[in-house]
Amino acid sequence: MVLSRQLEGLGPGPRLAYLRHLLAQGRADADVMFQTAVVYHELGRTDSALYYYDRAIAIDPGNFKSHVNKGVLYDDEGDYAGAIKSFATAVTLNPEDVLAHSHLAFLLHQKGDYRVAWNHLHAALEIDPGHSQPHFYLAIFFWEARIYREAMREWEMVMDLEPDGFLAVKARDNIVMLQKALESPSPEGGWQPGR
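Just so we're clear, the structure is a prediction, and the values are computed from it rather than from any experiment.

What follows concerns the overall build of the protein. Within the protein one finds 11 helices and 0 strands. The dimensions of the protein, computed from C-alpha atoms along their principal axes, are 65 × 30 × 30 Å. Long-range contacts, defined as pairs at least 24 residues apart, comprise 45% of the intrachain contacts of the protein with a sequence gap of at least 6. Once the 18 positive and 26 negative side-chain charges of the protein are each reduced to a mean point, those two points are 4 Å apart.

When two helices pack together, their arrangement is captured by the angle between the axes and the distance separating the axes. At their nearest, the axes of helix H7 (residues 98-111) and helix H9 (residues 132-144) sit 9 Å apart, and the two run at 15° to each other. Considering the angle they form, H7 stands roughly parallel to H9. Judged by the twist between their axes, the crossing of H7 over H9 is left-handed. Only Gln133, Pro134, Tyr137, Ile140, Phe141 and Glu144 of H9 make contact with H7, whose side of the interface consists of Val98, Leu99, Ser102, His103, Ala105, Phe106, His109 and Gln110. Within the contact of H7 with H9, the residues separate by chemical class into 8 nonpolar, 5 polar and 1 charged.

So, about unusual backbone geometry. The phi dihedral of Arg146 falls on the positive side, at around 65°, and the residue is not glycine. For Arg146, the position within the fold is in the loop between H9 and helix H10 (148-161).

Glancing now at the packing of helix H8 (residues 114-127) against H9. The N-to-C vectors of H8 and H9 enclose an angle of 145°; their axes lie 9 Å apart at closest approach. Like other packed secondary-structure pairs, H8 and H9 cross with a definite hand, here left-handed. Of the residues in H9, those touching H8 at Ala117, Trp118, Leu121, Ala124 and Leu125 are Pro134, His135, Tyr137, Leu138 and Phe141. For the contact of H8 with H9, the class distribution of residues is 9 nonpolar, 1 polar and no charged.

Summarising the element assignment, Ser86 is placed in helix H6 (residues 80-93). Apart from residues lying up to four places away in sequence, Ser86 is in contact with His67, Lys70, Gly71 and Tyr74.

Quick notes on the rules
- Residues numbered from 1 in each chain as written.
- Predicted model: local features only at pLDDT ≥ 70, side-chain atom pairs only at ≥ 80, totals over all residues.
- Heavy atoms only, no water.
- Helix = DSSP H or I, 4+ residues; strand = E, 2+ residues; numbered from the N terminus.
- Contact = heavy atoms within 4.5 Å.
- Lys, Arg positive; Asp, Glu negative; His and termini not counted.
- Charge placed at Lys NZ, Arg CZ, Asp CG, Glu CD.
- Axes fitted to C-alpha atoms, helices over the stretch in contact; angles between N-to-C directions.
- Parallel < 35°, antiparallel > 145°, perpendicular 65-115°, else oblique.
- Left-handed = near helix turned anticlockwise from the far one by under 90°.
- Nonpolar A, V, L, I, M, F, W, Y, C, P; charged D, E, K, R; others polar.

Right, dumping it as structure tokens:
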């Protein structure tokens, strides 16, 4: 049975206990390393997560998911160069990965590399037009270009695509703030959408 299925439905504590048991039994394959990293990632133990993602990559250099998750961790920590490098590696290993393209597009856009950012976002939208992440970032691109109605449409699409998801909550908050800003007789300025 696939390890991810064995761990399905378990909380971080029981998953980590089972993974430690597997490691103690000598099972040190890329999947065990990746799943261990994921648990540490969920627990907010960044150093341990990065260590196990690196171990997974050392065993299986084609493990693009480890690169994507490392990119997320680096982004969360403010290491944008590390995040860009990790997402770019993931895209190279798996050109069909929507999340890697989406996150890379967002970071490049923030860096001012708009053309390359758009290429990655366009790729993500082409690969999976029904995925909420590229639409969420497209809304931010529109917002930053002051194309507010299109930003609102994209955030609404995120809510339609993933009504109960994390991005839908952020999109809903962004729409409320954008509506207030558009209806205000004197915009307060300085408002930034939740990312």
